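# Summary of structural features
What follows is the residue order along each chain.
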Amino acid sequence: MAKDFSVVVLLSGRGSNFESLAEQAEHFSITKVISNKVKALGLRKASSLGIPIDAFSQKELGSVLAQKEAIYSSALESSPDLIVLAGYMQILEPDFVTKNFGKVINIHPSLLPKYPGLDTHKRAIDNGDTLHGCSVHFVDVEVDTGPVIAQATCAIEPGDTPDSLSQKLLTFEHKLYPWCVNQIAAGEISLGLDRKVSYSPASRQSAKENGFLVSLDVA
Ligand code: GRF
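### What about the state of the cysteines?
- Scanning the model with the defined rule gives zero disulfides in all.
- C154 provides the cysteine sulfur closest to C134, a residue in no disulfide bond, and the two sulfurs are 7.9 Å apart.
- Of the residues examined, C154 reaches a relative accessible area of 3% and is grouped as buried.

### Concerning the site of the ligand
- All residues adjacent to the ligand are R14, G15, S16, N17, G87, I107, P109 and E173.
- A distance of 3.0 Å separates a nitrogen atom of the ligand from a polar atom in the backbone of I107.
- Within the contact set of the ligand, an oxygen atom lies 2.7 Å away from a side-chain nitrogen or oxygen of E173.
- Broken down by class, the residue content of the shell around the ligand amounts to two nonpolar, four polar and two charged.

### Points about the domain arrangement of the chain
- As far as domains go, the chain holds domain 1 (1–90) and domain 2 (113–219).
- Inter-centroid distance (C-alpha atoms) of domain 1 to domain 2 is 21 Å.
- On the side of domain 2, 14 residues touch domain 1, which itself brings 17 residues to the contact.
- The junction of domain 1 with domain 2 conceals about 1,300 Å² of combined surface from both sides, 67% of it contributed by carbon and sulfur atoms.
- Run the count over domain 1 and domain 2 and you get zero salt bridges.
- Taken together, the links from domain 1 to domain 2 amount to seven residue pairs in polar contact (both at pLDDT 80 or more).

### A few points about the packing of aromatic side chains
- Counted under the stated rule, the structure contains two aromatic pairs.
- With 4.0 Å between their ring centres and 15° between their planes, Y72 and F96 make a pair best called stacked. Residue Y72 is found in helix 4 (residues 64–76), and its partner F96 is found in helix 5 (residues 94–99); the two are separated by 24 residues along the sequence.

### With respect to the sheet that holds strand 5 (residues 104–108)
- Pairing within the open sheet is mixed, and its eight strands lie in the order 3-2-1-4-5-6-7-10. For this open sheet the edge positions go to strand 3 (53–55) and strand 10 (213–214), each flanked by a neighbour on one side alone.
- Examined bridge by bridge, strand 7 (residues 148–155) and strand 10 share two bridges and lie antiparallel to one another. Residue A150 lies in a different strand from strand 10, and its bridge partner there is V214.
- Lying over the sheet, helix 4 contacts strand 1 (5–11), strand 2 (28–35), strand 3 and strand 4 (82–85), oriented at roughly 165° with respect to strand 2.
- Lying over the sheet, helix 7 (residues 162–185) contacts strand 1, strand 2, strand 4, strand 5, strand 6 (131–138), strand 7 and strand 10, oriented at roughly 155° with respect to strand 7.

### What to know about helix 4
- When the terminal C-alpha atoms of helix 4 are compared, their 18 Å separation across 13 residues agrees well with the 18 Å that a helix rising 1.5 Å per residue should span.
- Burial in helix 4 covers these residues: Q67, K68, A70, I71, Y72, S74 and A75.
- Where helix 4 is buried, its residues contact strand 1, strand 2, strand 3, helix 3 (58–61), strand 4 and helix 5.

Parameters at a glance
Sequence order as written defines residue numbering, which begins from 1 separately in each chain. Where totals are concerned, whole chains, interfaces and linings use all residues; where local detail is concerned, this predicted model gives features only for residues with pLDDT of at least 70, and gives and counts side-chain atom pairs only at 80 or more. Processing note: side-chain calculations cover all non-hydrogen atoms of the structure and skip hydrogens and water entirely. The disulfide criterion is simple: two cysteine sulfur atoms within 2.5 Å. Three exposure classes are used, based on accessible area relative to the maximum for each residue type with a 1.4 Å probe and protein chains only: buried under 20%, partly exposed in between, and exposed over 50%. Any residue with a non-hydrogen atom lying within 4 Å of a molecule or strand is treated as near it. Two N or O atoms form a polar contact when they lie within 3.5 Å of each other; inside protein one atom must be a possible hydrogen donor and the other a possible acceptor, and for residues adjacent in sequence the pair counts only when both atoms belong to side chains. Throughout, the ten residues Ala, Val, Leu, Ile, Met, Phe, Trp, Tyr, Cys and Pro are labelled nonpolar, Asp, Glu, Lys and Arg are labelled charged, and all others, Gly among them, are labelled polar. The start and end points of each domain follow an automatic or database-based domain assignment. Residue contacts are defined here by distance: any two heavy atoms, one from each residue, within 4.5 Å place the two residues in contact. Defined in terms of a 1.4 Å probe, buried area is the accessible area two parts forfeit on being brought together, summed over both. By definition here, a salt bridge exists when the distance from a side-chain nitrogen of Lys or Arg to a carboxyl oxygen of Asp or Glu is within 4 Å. Here a pair means two rings of Phe, Tyr or Trp (six-membered ring of Trp) with centres within 6.5 Å. Their orientation is stacked below 30 degrees between planes, edge-to-face above 60, and tilted elsewhere. What counts as a helix is a DSSP run of H or I of at least four residues, what counts as a strand is a run of E of at least two, and both are numbered from the N terminus. A pair of strands is labelled paired if DSSP reports no fewer than 2 bridges between them. Whenever a helix is involved, its axis is fitted only over the stretch in contact; in every case the axis is a line through C-alpha atoms, and angles between N-to-C directions fall within 0 to 180 degrees. Expected span, for any helix, means 1.5 Å times one less than how many residues it has.

Here it is as structure tokens:
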């Protein structure tokens, strides 16, 4: 049965986070999956689940800006409650981010504010870190910034490589992201006008039980 809280997913690649969202959607429906890569595997996965898809190629539209405009207008078409970036590898236009602040979230494979950008696993290993993790955050204009909603941590063990660490972390991502979206959809987590994330007592308890850090733990 369709749920009232609607989510549009933007992705560029294999879409494993999208799949985990689709599988664990308790309080929301994914109404559309959009990509900037027409051949993204995640689009095929969405189609096989019967979720509408849209893809926009830069080549066909003539410029990155035209492609971005087409993607944003498709994303906003049905006035979704939340736009969820799941491995979406294109920087959002500042104007889109500002107008939709609080409505767009992202998952990043590091314990933000550590390691925004690419190669997070390699950077954590090279730095000698023993703890790594992933963060779900509201999207702000600078890449990989914005209020953190929750984080999951994962140990870096001797012998870990960027590949082994990324595989290991992915299992945490697949729990953290659906948890965050379900909590937001159920009204248990929200963003205040002061840009601070608020948590109901139930969501704090649930975060604790799942071993997730919420923003007050991080501060
Ligand atoms: C994940 O590691 C996510 O944290 C990052 O991009 C990757 C996407 O993987 N933003 P997938 O396409 O969801 O499998």
